Amino acid sequence: MENILTQNKNLADALKDEASYLLERQKHTRYTMLRKSGQVGRVLISGAAFIITVDQNDKLKVLANHSVYIVNGVIKEVFPAKQKLIPESKIDLLYDAAKRSGVVITPGFINAHTHPPMYLLRSSMTLDKGNVVDQVAKMALLEAKMDELDFFLGAVGDFTEEQKNGITTTLSHYGVFDPIERAAKMTRQNVINAISAISNSHPKNSPALVEKILQHKKQYFSQPAIAIHYIHKASPEQLQEIRRLTKKYKVLLTMHAAETESWVQDCIERYGKRTIEVLVDLGLANSNTVLSHAVHVSDAEIKLIAKHKIGIVHLPTSNKIHRSGEFKYPLFVKYKADKLISLGTDSVISKNTLDLLSEALQTRIMHQHSHRVLYEDLFKMMTSQGASVLKLGKVGRIAPGYRADIAFWKLRDRGFMPYNEAKPISLVGNMITHGGRNIRDLMIKGEFVISNRLHNRVNESKLMTELQSAHMRLRKRLGND
Ligand SMILES: [Zn+2]
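Owing to the predicted nature of the structure, the values given are computational and were not obtained by experimental measurement. (Residues numbered from 1 in each chain as written. Predicted model: local features only at pLDDT ≥ 70, side-chain atom pairs only at ≥ 80, totals over all residues.)

**Brief notes about the overall build of the protein**
Rules: The secondary structure listing takes helices from DSSP runs of H or I that are at least 4 residues long and strands from runs of E that are at least 2 residues long, numbered from the N terminus. Each radius of gyration reported is based on C-alpha atoms, and the globular scaling rule is 2.2 Å times the count of residues to the power 0.38. Any residue pair is listed as a contact if its two C-beta atoms, each placed from the backbone, are within 7 Å.
Within the protein, the secondary structure is distributed over 16 helices and 18 strands. Since a compact globule built from 481 residues should have a radius of gyration of about 23 Å, the 23 Å found for the protein is in line with a globular shape. Oriented by its inertia axes, the alpha-carbon framework of the protein measures out at about 70 × 55 × 50 Å. The contacts in the protein between residues at least 6 apart in sequence include a share of 73% that link residues at least 24 apart.

**So, the nonpolar core**
Which entries qualify depends on this criterion: Each nonpolar core reported here comprises buried Ala, Val, Leu, Ile, Met, Phe, Trp, Tyr and Cys residues connected via C-beta atoms within 7 Å. Partly exposed residues are those whose C-beta has more than 12 but fewer than 20 other C-beta atoms within 10 Å; with 20 or more the residue is buried, with 12 or fewer it is exposed, and the C-beta atoms are placed from the backbone. Per the annotation, domain bounds derive from an automatic or database assignment of domains.
By size, the foremost hydrophobic cluster in this structure holds 127 residues, and its most contacted members are Ala48, Val104, Ile105, Ile226, Ala360, Met382 and Leu390. There are two domains that each give this core at least three residues, and those are domain 1 (31-108 + 398-462) and domain 2 (109-389). The residues contacting Leu390, other than those within four sequence positions of it, are Ile110, Ala112, Leu171, Ile192, Leu252, Val290 and Ser342.

**Here's the deal with the environment of Leu357**
Summarising the element assignment, Leu357 is placed in helix H12 (residues 357-367). When the 24 C-beta atoms within 10 Å are taken as the criterion, Leu357 is described as buried. Taking the C-alpha atoms as reference points, Leu357 and Leu5, separated by 352 residues in sequence, lie 31 Å from one another. Contacts of Leu357, omitting those with residues within four sequence positions, involve Met431, Ile432, Gly435 and Gly436.

**Examining the pairing of strand S3 (residues 60-71)**
Test applied: Whether two strands pair depends on DSSP finding at least two bridges between them.
Relative to S3, strand S2 (residues 42-54) runs antiparallel, the two being bridged by 10 bridges. Bridge pairing in S3 places Phe50 opposite Ala64. The antiparallel hairpin formed by S3 and strand S4 (residues 74-80) contains two residues in its connecting segment, where Asn72 sits at a positive phi of about 45°.

**A word on the domain arrangement of the protein**
Short version of the rule: Throughout this entry, Asp, Glu, Lys and Arg are counted as charged residues, while Ala, Val, Leu, Ile, Met, Phe, Trp, Tyr, Cys and Pro are counted as nonpolar. The remaining residues, Gly among them, count as polar.
Annotation of the protein at the domain level lists domain 1 (31-108 + 398-462) and domain 2 (109-389). Computed over C-alpha atoms only, the centres of domain 1 and domain 2 are separated by 29 Å. When contributions to the side of domain 1 that touches domain 2 are tallied by element, the ones reaching two or more residues are strand S6 (103-107), helix H15 (426-433), strand S16 (441-444) and strand S17 (447-451). Broken down by element, the residue count for the side of domain 1 that touches domain 2 peaks at five residues, all from H15. Looking at the side of domain 1 that touches domain 2 residue by residue, the class counts come to 13 nonpolar, eight polar and five charged.

**Here we look at the sheet that holds strand S12 (residues 289-293)**
What counts here: Angles run from 0 to 180 degrees between N-to-C directions of axes, and those axes are lines fitted to C-alpha atoms, restricted for helices to the stretch in contact.
Spatial ordering of the open sheet is given by S7-S8-S9-S10-S11-S12-S13-S14, a layout of eight strands whose pairing is parallel. Edge positions in the open sheet fall to strand S7 (109-114) and strand S14 (341-343), since each of these has one partner strand only. The average undirected angle you get between the axes of adjacent strands in this sheet is 25°. Here strand S13 (residues 311-314) runs beside S14; their pairing, made up of three bridges, is parallel. Paired with Val313 across the bridge in S14 is Ser342. Running at roughly 175° to strand S9 (residues 190-198), helix H4 (residues 178-187) makes contact with strand S8 (167-174) and S9 of the sheet. Across the sheet, helix H6 (residues 236-249) lies against S9, strand S10 (223-228) and strand S11 (253-257), angled at about 160° from S10, the strand it touches most.

**Observations concerning H12**
Each full turn of the α-helix corresponds to 3.6 residues, which orients residues three or four apart in the same direction. The buried count for H12 comes to eight of 11 residues, which makes it a mostly enclosed element. Looking at H12, one finds that the buried residues are Leu357, Ser358, Glu359, Ala360, Leu361, Gln362, Thr363 and Arg364. For H12, the secondary structure elements touched by its buried residues are S13, helix H10 (316-321), S14, helix H13 (375-382) and H15.

**Some thoughts on the environment of Glu162**
Here Glu162 lies in helix H3 (residues 148-164). Here the alpha-carbon distance between Glu162 and Asp355, two residues 193 residues apart in the chain, equals 6.1 Å.

**Some points on the packing of H12 against H15**
For the record, the criterion: Here roughly perpendicular refers to angles of 65 to 115 degrees, roughly parallel to angles under 35, roughly antiparallel to angles over 145, and oblique to all remaining angles.
Running from N to C, H12 and H15 point in directions that differ by 95°, and their axes come no closer than 7 Å. In terms of orientation, H12 and H15 fall into the roughly perpendicular class. Taking contact as the criterion, the partners of Leu357, Ala360 and Leu361 in H12 are, on H15, Met431, Ile432 and Thr433. Residue classes in the contact of H12 with H15 are distributed as five nonpolar, one polar and no charged.

**Considering helix H9 (residues 299-308)**
To keep it simple, the criterion reads: In this context, the arc is that of the directions from the helix axis out to the C-beta atoms.
Of the positions making up H9, those classed as buried are Glu301, Ile302, Leu304 and Ile305. Down the axis of H9, the buried side of the element spans an arc of 155°, and every buried residue falls inside it. Facing away from the buried surface of H9 by more than 90 degrees, the exposed residues are Asp299 and Ala300. Against the buried residues of H9 lie helix H8 (275-281), S13 and helix H11 (329-334).

Shown next, in the form of structure tokens:
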């Protein structure tokens, strides 16, 4: 087994070796520009070792040695690498996904629930000592002191971390719109920018303020949507107004729903019924509504979710940390509502890393005593099913006609190897049970946002410095440490 050893006998050798190692690494690019103008509308991903995706029949597929041809942000063709050649004159950028054991590509993952600006508050809740309720209260004091720059920097931190973990679409649920819009544009992340019409942290928000944004819906980089913190915080009149807005502007509505039993009781106190029943009464039970958590729902409510095709975001890590209770996955299966489930990270206050692979693993572990959630189903929740819950259209699969949102993972890496070559589907289980890990490259709408593990638009080191000083300025404004 001599061949797996380096030539170094000690640290001095290793340091000498470092320079040659770095030189060698520089040669490890997979990119060849074939067009001098720098225009890259046509991209060929050549000979991916494996493509993991969901096919037209909603079956998980692992395709070996396939190429993907992309034109203007849309996947044109997916074909066996050996069967076909695309002439160089039709390629602006060539990505060699075959050499050095190759690359595995998956659709970019879809995160259906987070609060991006809260990225700035990571250290405010490390959950070592003290209790969760006190820490959330303290965190809220910090959050109340955040300014526009803080919201923006937090969102950039959030989106870029998600991107490193293979996530290309994010539903942002927050009280501000513009900083999220600017962060989406800067990082190129696909963002559903749901602004709170009724908010705890932004009491001045209202349906009227949200309508002003929706009126200019088309001019934004992000996709506007409506959020409310909790249903019991909204009056019947406000909810009627929100219903009118979702219909008029054809936008999604998202809210935290039935996260704890005490919030369900608040809903009963105000409306006389449980959460989903109230949504039905108010005409808000439909596929434009996306509920995060949905932990404390009755059998009857889950039947209503299935009947009205209400979207659900499952957030097991957040539920564990906040001791919210256990999502009733087996009942969602029993009442055929499980195809309405997507996954989310929540903010760094509720799950310290913004990653979905570890969330998929958490889902598997959380429910294993009562129901085995298959790797196939977990993979769909992160991709095709997540896209359908968020009504994204042709997103979440690697197939012709779909938006070119693609995550590139090195095959010769922990998290994939060793795997059964006779059954490459085992890569999916390996990927999920290994938990989170970083992608090698990331494409959003046909554009490489991360190449050779580096973000092409945001200097991550400088971002960390900016986030750090903003965080300390914020603590200073609060006047304690
Ligand atoms: Zn949340």
